Amino acid sequence: MDDDALRDAIARHIWFHSIELRPGITTPGRKTPDIMTAEEELVLGPLPLAGMSVLDIGAWNGGFSIAALRRGAARVLATDSYTWDHPDFRGRETFDLACAAAGVQPEARRLDPMELPADLAPFDLVLFLGVFYHLRNPIPVMEALGRLTAQVCVV
């Protein structure tokens, strides 16, 4: 997709994450580029991501999934349900568009955080960003996060 077509596609969607997809092309997220840069550095900066596996629960547009791959993660599984299924947010469409434009290929799976499968193998890093405060009963989810985390979980 050329730059003009990409800009047109970006304009047709709602963005939460500001993601630099290509030089000069950044999605117009509610989280500004400065906020995204600061959060990425706080969350991912201290971690040696090279070769790590990452589970991004509540990935929405994929800002942190893309950042983890760019920082050397070997495997990223991005998950979401609410924003990916929402007819206005169309989060899965934005995720797919952002990943394709950025030239990265995380795995993607529709998962409700209240129904994390027991057979999912642990990940070195689990990101649970912007999800906790949506939970009615966080205890089972926190137990599942403990089971899914091999090294670090960021809530």
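Everything here concerns the structure above.
Remember, it's a predicted structure, so these values are computed and weren't measured experimentally.

Asker: Can you walk me through the overall build of the protein in this structure?
Answerer: Looking only at helices and strands, the protein has six helices and seven strands in total. The globule rule puts the C-alpha radius of gyration for 155 residues at 15 Å, and the 15 Å found for the protein is close to it. Sorting the 155 residues of the protein into buried and exposed places 48% on the buried side. Of the contacts formed within the protein by residues at least 6 apart in sequence, a portion of 59% connects residues at least 24 apart.

Asker: How should I be thinking about the pairing of strand β6 (residues 123-128) in this particular structure?
Answerer: Each regular strand displays side chains that alternate between the two surfaces of the sheet. Of all six residues in β6, six are buried, a share of seventy percent or more. Where strand β3 (residues 53-57) meets β6, four bridges bridge the pair, whose relative direction is parallel. Paired with Val54 across the bridge in β6 is Leu125. Pairing between β6 and strand β7 (residues 149-154): four bridges, direction parallel. Across the sheet, residue Leu125 finds its bridge partner in β7, namely Val152.

Asker: Just checking my understanding: could you explain the environment of Pro33 for this structure?
Answerer: Residue position: Pro33 is located in helix α2 (residues 33-44). When the C-alpha atoms of Pro33 and Glu20 are compared, they prove to be 8.1 Å apart, with 13 residues separating the residues in sequence. Discounting residues that sit within four places of it in the chain, Pro33 has contacts with Ser18 and Thr26.

Asker: Just to check I follow, could you spell out the layout of surface pockets for this structure?
Answerer: Take a probe with the size of a water molecule and roll it over the atoms, and the empty space left behind shows itself. Roughly 550 Å³ of volume is contained in the largest pocket. Counting only elements with at least two residues in the lining of the largest pocket, the list comes to β3, β4 (75-80) and α4 (82-85). Taken together, the residues of the lining of the largest pocket break down into 14 nonpolar, seven polar and four charged. A volume near 190 Å³ is recorded for the second largest pocket. Along its surface, the second largest pocket is lined by Ser18, Ile19, Glu20, Thr26, Pro33, Met36, Thr37, Glu40, Gly63, Ile66, Ala67 and Arg70. When residues of the lining of the second largest pocket are traced back to their parent elements, those giving at least two are α2 and α3 (63-70). Across the lining of the second largest pocket, the residue classes break down as five nonpolar, four polar and three charged.

Asker: How should the nonpolar core be read in this particular structure?
Answerer: A general tendency of soluble globular proteins is for nonpolar side chains to be buried together. Counting residues in each nonpolar core, the largest one holds 18 residues, and the members touching the most others are Leu6, Ile10, Leu21, Ile66, Leu97 and Ala98. With six residues, the top contributor of residues to this core is helix α5 (residues 91-102). Contacts of Ala98, omitting those with residues within four sequence positions, involve Trp15, Ile19, Leu21, Asn61 and Ile66.

Asker: Looking at this model, I keep getting lost on the packing of α3 against α5. Mind explaining?
Answerer: Between two packed helices, the angle of one axis relative to the other and the distance separating the axes together describe the packing. Their axes nearest at 10 Å, the elements α3 and α5 cross at an angle of 25 degrees. Regarding the angle of α3 to α5, the classification is roughly parallel. In terms of crossing hand, the pair formed by α3 and α5 is right-handed. Between α3, through Ser65, Ile66 and Arg70, and α5, the contact on the second element is made entirely by Phe95, Ala98, Cys99 and Ala102. By residue class, the composition of the contact of α3 with α5 is five nonpolar, one polar and one charged.

Calculation rules
Counting starts from 1 at the beginning of each chain's written sequence and moves along it residue by residue. With pLDDT at 70 or above as the cut-off, local features in this predicted model cover only qualifying residues; side-chain atom pairs require 80 or more to be listed or tallied, and sums for whole chains, interfaces and linings still use all residues. With hydrogens and water excluded, all non-hydrogen atoms of the structure serve as input to the side-chain values. Helix and strand assignments come from DSSP, with helices taken as H or I runs of at least 4 residues and strands as E runs of at least 2, each series counted from the N terminus. Our radius of gyration is a C-alpha quantity, and the globule rule it is checked against amounts to 2.2 Å times the number of residues to the power 0.38. Between buried and exposed lies partly exposed: a residue is buried under 20% and exposed over 50% of the maximum accessible area for its type, with that area taken using a 1.4 Å probe on protein chains only. We call two residues in contact whenever any of their non-hydrogen atoms come within 4.5 Å of each other. In this description, strands pair whenever DSSP reports at least two bridges between them. Think of a 1 Å grid over just the protein atoms. A cavity is a set of points where a 1.4 Å probe fits yet cannot get out, a pocket is an open set with protein on both sides within 12 Å along at least five of seven lines, and lining residues have an atom within 4 Å of a point. Grid points are joined across faces, edges and corners, and a volume is the space filled by probe spheres set on the points. When residue character is reported, Ala, Val, Leu, Ile, Met, Phe, Trp, Tyr, Cys and Pro are called nonpolar, Asp, Glu, Lys and Arg charged, and the others, Gly included, polar. The term nonpolar core refers to a set of buried residues drawn from Ala, Val, Leu, Ile, Met, Phe, Trp, Tyr and Cys, joined through side-chain atoms within 4.5 Å. Between the N-to-C directions of two axes lies an angle of 0 to 180 degrees, each axis being a line fitted to C-alpha atoms and, for a helix, fitted only over the stretch in contact. Every angle not falling under 35 degrees, over 145, or within 65 to 115 is termed oblique; those three ranges are roughly parallel, roughly antiparallel and roughly perpendicular. A clockwise turn of the near helix away from the far one marks a right-handed crossing, whereas an anticlockwise turn of less than a right angle marks a left-handed crossing.

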